[in-house]
Amino acid sequence: MGDADESVWRARVGKTIGAAVETLVTRSADGIEIAPLYPRRQDAVALWRKRPAWAVAQRIDHPDAEAANATALAELEGGADALTLVFAGSPFARGFGLSRESDLDEVFRDVELDFIDVRLDAGADTPAVAAALAALVTRRTLTSAALQIDLGFDPVGVAARAGTPVDLGQLPDVLAAADSAGLAGCPLLVDGRAWHEAGAGEALELAAVLATGVAYLHALESSGLALDLARKKVAVLLAADAEALLGLAKVRAMRRLWARVEAASGLTPRPLRLHAETSWRMMTRRDPWTNVMRATAATFAAGLGGADAVTVLPMPLPLGLPDEPARRLARNVQRVLLDESNLAMVDDPAGGSGSFEALTDALCETAWRLFQEIEAEGGIAASLAAGALQRRLAEAAAARASAVATLAAGIVGTSRFPSLEAPTPGVVDVAPREAAGGDGALPCLRDATPFEALRDRAEALGEPPVVFLATLGTPAAFGPRATWARNFFAAAGLAAMPTTSERDVITLAADFAASRAAVACLCGTNAAYAADAAALVTALRERGAHRILAAGRPADGAETNVDAFVHDGCDALDVLRTTLDVIEAAASRA
């Protein structure tokens, strides 16, 4: 190719795509511009985590203490070096977890706490669990200085999820429990999951985390603790999703933003203890094997971004309590990235990359602006009490829901390339439905839920309901739109019945009548629609079609008389809901 510079690259790309390179620019949920090309950053400063490689943390959430102990020992033997111990009172228990703090003795039987990291996930029950843990440490006379145990107390996040006023009154009790046992970890956790699961984009999650962290620093300083000591009591947890570019930049941005808070407080910045957990919001119940792919991308981003510990949610968790193979798979996602891909061999590998540096800068700028808005409202507690933060989150969630509904944010295995025959992995116990919080409570959202509801409706009809694909022209002509339509309808659990050869209008109408379908979808080129669609629609209606769709965008001047066109960018959820309404009504009359 010879020497090339940016202008040559832009010219060749523009020629290839038939448009200006600027048309490739996209924007994040927070409005941050993502360009197709960035210059190398020459003045980059490496960001450091607290340890050479991130810790592989495994979720321990079995409700039975003896079974939880067996799981913990198996995880540690299999390659985990950290445990995330979940209690049923946590907003993130997902229907499981231990129910009694007295279970700690049994759960940690034969577990060498001196040699591993532990993070508690107990929600509002953290003070009681922390006291029980401190008593256990004292009874076992453990080497407390080596106990890297984070108590995970986040009263702001717990209150936001419950819809109750923020109460920081128990902070001294949790700190006292940690101090009495001499734990080396952080008693407080600024948890980004509550904001992420309520719909926040990367910058809004960071802003809420910053505001919460500052609230904890103020509270600890007011209680008489010096800021230099107070900051050592605080760790952060971010949700890691499959948006690898922004996810990696988000973790990097968190370290920069916290350093900025420390500097503004008159402190010399020191490495933040930073956890990451793969996103619940991105997980699916249908074809949950695709969750492994998403978890891998998320772990890649969190690890390279500089997380100190990563917890991978096992792929069948939305279905129920994961079994041993699923837990092993979650663990091995991290072990392969660490031991075979050697991703932790380089500190801050994204440093100096034009794209990651630019995205990190943009996230820092946007998150700081949103953080200042929250502070101007009186801080995180006041913002929640006034409903201001909830409104921001609701707007972000609505925008995200629209992107999911229109397939702009496609979900592999659910709304993109769904399979009606994907096997369902086994679980130890089926997950109960999560109870809704009170008025003002933040929702716990999963992107796939609306499409999964459609699949549930279709399955309630028995055999997969059929949509007849009325294909116009040759297989080579109708194939692309027929393939797209099969995937489109499968997202709602509908089986598309295609033809495999060229048919005329009369034959297609007869085939439709024989299929006993209630809905038909035309698939062909725009030229075929212009020539035959009007006659075919008339013939299909005469043969009993209750709803007729056409794959593709409406062409100017084309008279098709279909009920709707289906294509990328249409409201897929609305079209599929209406289609199911028609099919259910037809089934009830049959």
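For clarity, every value in this text was computed on a predicted model and none was experimentally measured.

How each quantity is defined
Residues numbered from 1 in each chain as written. Predicted model: local features only at pLDDT ≥ 70, side-chain atom pairs only at ≥ 80, totals over all residues. Heavy atoms only, no water. Axes fitted to C-alpha atoms, helices over the stretch in contact; angles between N-to-C directions. Helix = DSSP H or I, 4+ residues; strand = E, 2+ residues; numbered from the N terminus. Parallel < 35°, antiparallel > 145°, perpendicular 65-115°, else oblique. Left-handed = near helix turned anticlockwise from the far one by under 90°. Contact = heavy atoms within 4.5 Å. Nonpolar A, V, L, I, M, F, W, Y, C, P; charged D, E, K, R; others polar. Salt bridge = Lys/Arg side-chain N within 4 Å of Asp/Glu carboxyl O. Buried < 20%, exposed > 50% of the residue type's maximum accessible area, 1.4 Å probe, protein only. Pairing = 2+ DSSP bridges. Right-handed = clockwise from strand over helix to strand, strands pointing away. Polar contact = N/O pair within 3.5 Å; in protein donor to acceptor, adjacent residues only side chain to side chain.

Chemist: I tried to follow the packing of helix 11 (residues 290-305) against helix 12 (residues 324-340) on my own but got confused; where do I start?
Modeler: A pair of packed helices is captured by two measures, namely the crossing angle of their axes and the spacing between those axes. Where helix 11 contacts helix 12, the two axes come as close as 10 Å, and the packing angle between them is 40 degrees. If you check the angle between helix 11 and helix 12, you find them oblique. The interaxial crossing formed by helix 11 with helix 12 has right-handed handedness. Here V292, A295, T296, T299 and F300 of helix 11 come into contact with helix 12, specifically with L329, V333, Q334 and L337. Tallied by class, residues from the contact of helix 11 with helix 12 come to six nonpolar, three polar and no charged.

Chemist: In this structure, what is going on with the environment of G410? I would like to understand it.
Modeler: Along the chain, the position of G410 falls in the loop between helix 15 (388-405) and strand 12 (427-430). Between the C-alpha atoms of G410 and D568, which are 158 residues apart in sequence, the distance is 9.8 Å. Other than its neighbours up to four places away in sequence, G410 contacts S415 and R416.

Chemist: Sorry, what's going on with the pattern of salt bridges here?
Modeler: Oppositely charged side chains are able to pair whenever their charged atoms sit close together. Applying the stated rule across the entire model yields 45 salt bridges. Taking the shortest distance from any N to any O, the salt bridge between E277 and R119 comes out at 3.1 Å. Taken together, the residues span a long stretch of sequence, with E277 in strand 9 (residues 274-278) and R119 in strand 5 (residues 117-121) at a distance of 158 residues. Classification of E277 by relative accessible area gives buried; the value is 1%. Three or more residues joined by partner-sharing salt bridges are found here, namely R41, R252, R256, D348, E357 and D361.

Chemist: Where do I start with the environment of D154 in this structure?
Modeler: Note that D154 resides in the loop between strand 6 (148-150) and helix 5 (155-162). A residue is classified by how much of its surface remains accessible, and D154, at 5% relative accessible area, is buried. Residues D154 and L83, 71 residues apart in the sequence, show an inter-C-alpha distance of 18 Å. Excluding its chain neighbours within four sequence positions, the residues that come into contact with D154 are L189, V190, D191, T212 and Y216.

Chemist: Whenever I open this one, the environment of V214 confuses me. Can you help?
Modeler: Secondary-structure assignment places V214 in helix 8 (residues 202-222). Classification of V214 by relative accessible area gives buried; the value is 9%. Separated by 166 residues in the primary sequence, V214 and I380 place their C-alpha atoms 8.8 Å from one another. In this structure, V214 is in contact with W258, V261, F371 and E375, ignoring residues within four places of it in sequence.

Chemist: What is the right way to read the pairing of strand 15 (residues 519-523) from this model?
Modeler: For strand 15, the tally of buried residues reaches five of five residues, placing the bulk of the element in the interior. Side chains of strand 15 alternate between two faces, with V519, C521 and C523 and A520 and L522 buried alike. By the bridge criterion, five bridges tie strand 13 (residues 466-471) to strand 15 in an arrangement that is parallel. Bridge pairing in strand 15 places F468 opposite A520. Pairing between strand 15 and strand 16 (residues 547-551): four bridges, direction parallel. Counterpart to L522 in the pairing with strand 16 is A550. On the question of chirality, the crossover connecting strand 15 to the parallel strand 16 by way of helix 19 (residues 526-542) is right-handed.

Chemist: Before we go on, may I ask you to explain the side chain of R59 in this structure?
Modeler: Along the chain, R59 falls in strand 3 (residues 55-60). The class of R59 is buried, set by a relative accessible area of 2%. At 2.7 Å, the side chain of R59 forms a polar contact with the side chain of D61. Of the polar contacts made by the side chain of R59, one reaches the backbone oxygen of F92; its length is 3.3 Å. Excluding anything up to four places from it in sequence, R59 contacts T84, V86, F92, A93, R94, T311, L313, L317 and R327.

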